[in-house]
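A look at the structure
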Amino acid sequence: MKKIILTGGGTAGHVTPNLALLPSLKERGYEIHYIGTYNGIERKLVEGAGIPYDGISSGKLRRYFDLKNFSDPFRVIKGYMEARNLMKKYKPDVVFSKGGFVAVPVVLAAKHFKIPTIIHESDMTPGLANKICIPSAAKICCNFPETLQYLPKEKAVLTGSPIRRELLEGDRLTGLQYAGLSADKPVILVIGGSLGAVAVNNAVRSLLPRLLPHFQIIHICGKGHLDESLIGQTGYVQYEYVDAPLRHLFACADLMVSRAGANSICEILALRKPNVLIPLSAAASRGDQILNARSFEKQGFSTVLEEETVTDDTLFDAIDRTYRDRQKFIDAMSKSAHSDAVTTIVGLIESYAEKSTQKS
Ligand SMILES: CC(=O)N[C@H]1[C@@H](OP(=O)(O)OP(=O)(O)OC[C@H]2O[C@@H](n3ccc(=O)[nH]c3=O)[C@H](O)[C@@H]2O)O[C@H](CO)[C@@H](O)[C@@H]1O
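Residues numbered from 1 in each chain as written. Predicted model: local features only at pLDDT ≥ 70, side-chain atom pairs only at ≥ 80, totals over all residues. Heavy atoms only, no water.

Right, let's talk about the site of the ligand for a bit. Taken together, 20 residues sit near the ligand, with Thr-11, Asp-123, Ser-194, Ser-264 and Glu-267 positioned nearest. Val-242 places a main-chain nitrogen or oxygen 2.7 Å from a nitrogen atom of the ligand. Here the ligand has 770 Å² of accessible area as a free molecule, and 87% of this is covered by the chains. Ranked by residues supplied to the shell around the ligand, first place goes to helix H10 (residues 262-270) with four residues. Taken together, the residues of the shell around the ligand sort by class into seven nonpolar, 10 polar and three charged. (Near = heavy atom within 4 Å. Polar contact = N/O pair within 3.5 Å; in protein donor to acceptor, adjacent residues only side chain to side chain. Areas by Shrake-Rupley, 256 points an atom, 1.4 Å probe, with all protein chains shown as cover. Helix = DSSP H or I, 4+ residues; strand = E, 2+ residues; numbered from the N terminus. Nonpolar A, V, L, I, M, F, W, Y, C, P; charged D, E, K, R; others polar.)

Strand order in the open sheet formed by six strands is E10-E9-E8-E11-E12-E13, and the pairing between neighbours is parallel. In the strand order of this sheet, the two ends are held by strand E10 (236-239) and strand E13 (302-304), each with one partner. Each strand axis lies, on average, 20 degrees off the axis of its neighbour in the sheet, ignoring direction. Pairing of strand E12 (residues 275-277) with E13 involves three bridges; the strand directions are parallel. Bridge pairing links Asn-275 to Ser-302 in E13. Each of E12 and E13 touches helix H11 (residues 288-298); the most contacted strand, E13, lies at about 130 degrees to it. (Pairing = 2+ DSSP bridges. Axes fitted to C-alpha atoms, helices over the stretch in contact; angles between N-to-C directions. Contact = heavy atoms within 4.5 Å.)

The next subject is the state of the cysteines. Using the criterion set out here, one finds zero disulfides in the structure. With no disulfide partner, Cys-133 has as its closest neighbouring cysteine sulfur the one in Cys-141, 13 Å distant. Relative accessible area serves as the criterion here: at 1%, Cys-133 is assigned to the buried category. Considering cysteine sulfurs only, Cys-142 is the nearest to Cys-141, which forms no disulfide, with 7.8 Å between them. (Disulfide = S-S within 2.5 Å. Buried < 20%, exposed > 50% of the residue type's maximum accessible area, 1.4 Å probe, protein only.)

Further remarks concern the UniProt feature "binding site: UDP-N-acetyl-alpha-D-glucosamine" (unreviewed entry) in the protein chain. Taking the numbering used here, the UniProt-annotated feature "binding site: UDP-N-acetyl-alpha-D-glucosamine" (unreviewed entry) corresponds to Thr-11, Ala-12, Gly-13, Arg-164, Ser-194 and Gln-289. Residue class for Ser-194 comes out partly exposed when judged on its relative accessible area of 21%. Aside from chain neighbours lying at most four places away, what touches Ser-194 is Thr-11, Ala-12, Gly-13 and Tyr-241. Note on placement: Gln-289 falls in helix H11. Polar contacts involving the side chain of Gln-289 include one to the main-chain amide nitrogen of Ala-260, which spans 3.1 Å. (UniProt positions renumbered as here; feature names shortened; annotations may be inferred.)

The next thing to look at is a nonpolar patch on the surface. On the surface, Phe-74, Ile-77 and Met-81 cluster together to form a nonpolar patch covering roughly 340 Å² of accessible area. Of note, Met-81 is situated in helix H3 (residues 72-90). Given a relative accessible area of 42%, Met-81 falls into the partly exposed group. (Patch = residues over 30% accessible without salt bridge, like charges linked within 9 Å, V, L, I, M, F, W, Y side chains within 5 Å. Salt bridge = Lys/Arg side-chain N within 4 Å of Asp/Glu carboxyl O.)

Have a look at this one:
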């Protein structure tokens with residue numbers, strides 16, 4: 001039996017693409033294991049999908065000063081030793097990494113045992129964790145054509161981002177019922193990325209008096225960000241994080257307001273949802289969400305509002321205009337070629353797993 005270890009974590013964006021591969025890997029008879037952190041979001045998501053999970057110790061690799069910079073290297077070394085033991089225990093044919101800091105010791109441990117590793121970069125420019133892993137990887141999959149220029153030519157493969165199959169199978173009525181909303185007013189689905197985004201949350205909540213006469217709002221606001229004072233408000237419903245029922249909430253959304261995380265926007269595009277993107281600011285990140293959002297805007301898929309320019313008026317105006325012009329956005333998105341990332345990536349995994357089985 002072919003064996004694969006999947007890794008990736010920290011935020012859901014480093015986990016959901018792995019989950020998207022599961023049905024295909026299972027159909028091809030793989031024994032699947034997952035390595036993540038002891039307590040990260042990946043643990044709940046992966047165990048929820050019924051995949052055996054092993055936790056390892058992990059530290060964040062920072063480019064800036066923090067007291068934890070002194071303790072985290074020890075955690076990373078511990079994680080590396082734990083990952084090596086797991087490689088010895090499972091002897092996988094291949095490792096697939098979706099990135100995030102926890103993936104670094106796993107990829108390095110795989111390299112130690114000469115186990116081929118395929119890594120995936122969702123953003124336009126490789127993140128620090130993936131940069132460290134690139135020399136050890138057999139192949140590097142990427143989501144955007146712009147990323148190819150940052151990757152070694154002989155290793156890079158443009159695959160797109162794997163999207164969970166079930167997200168395309170939502171049902172509008174089930175979504176409305178789940179959220180307790182009616183069918184007579186359009187629905188805005190707000191998602192501030194997998195962790196929530198305080199700036200997006202505040203902007204949307206401040207605008208409720210102007211939005212609620214026209215729209216109903218489903219707000220996924222991130223763990224710890226529920227606003228108790230708004231519980232029971234007619235036409236407004238909030239969740240910290242939505243797992244399986246997310247597909248039904250997508251199905252009942254007429255418009256999205258979202259951060260511009262790479263996976264989120266690929267899902268929005270695949271579902272052809274008119275959208276207003278508020279990318280994470282360059283002050284708080286390496287600016288990839290801004291590049292993502294501008295690329296979508298240029299292709300006519302999205303209206304973009306940079307975080308620094310968000311006010312009640314600019315956000316209301318962006319929502320109002322995008323909703324009025326929704327058909328124009330849907331038409332532009334419908335013309336984009338849909339990349340079947342799952343098939344391409346599983347094909348790559350198969351080619352390495354077969355070589356490995358032939359060897360043994
Ligand atoms: C703050 C931060 O560092 N953000 C980064 C992080 O974002 P983040 O983890 O938010 O990643 P994405 O927006 O790419 O993906 C979020 C994933 O979580 C899922 N989801 C979200 C909410 C929910 O309730 N249920 C659910 O299933 C979405 O459907 C999607 O599949 O990784 C992305 C991919 O590397 C980067 O582009 C982002 O810049």
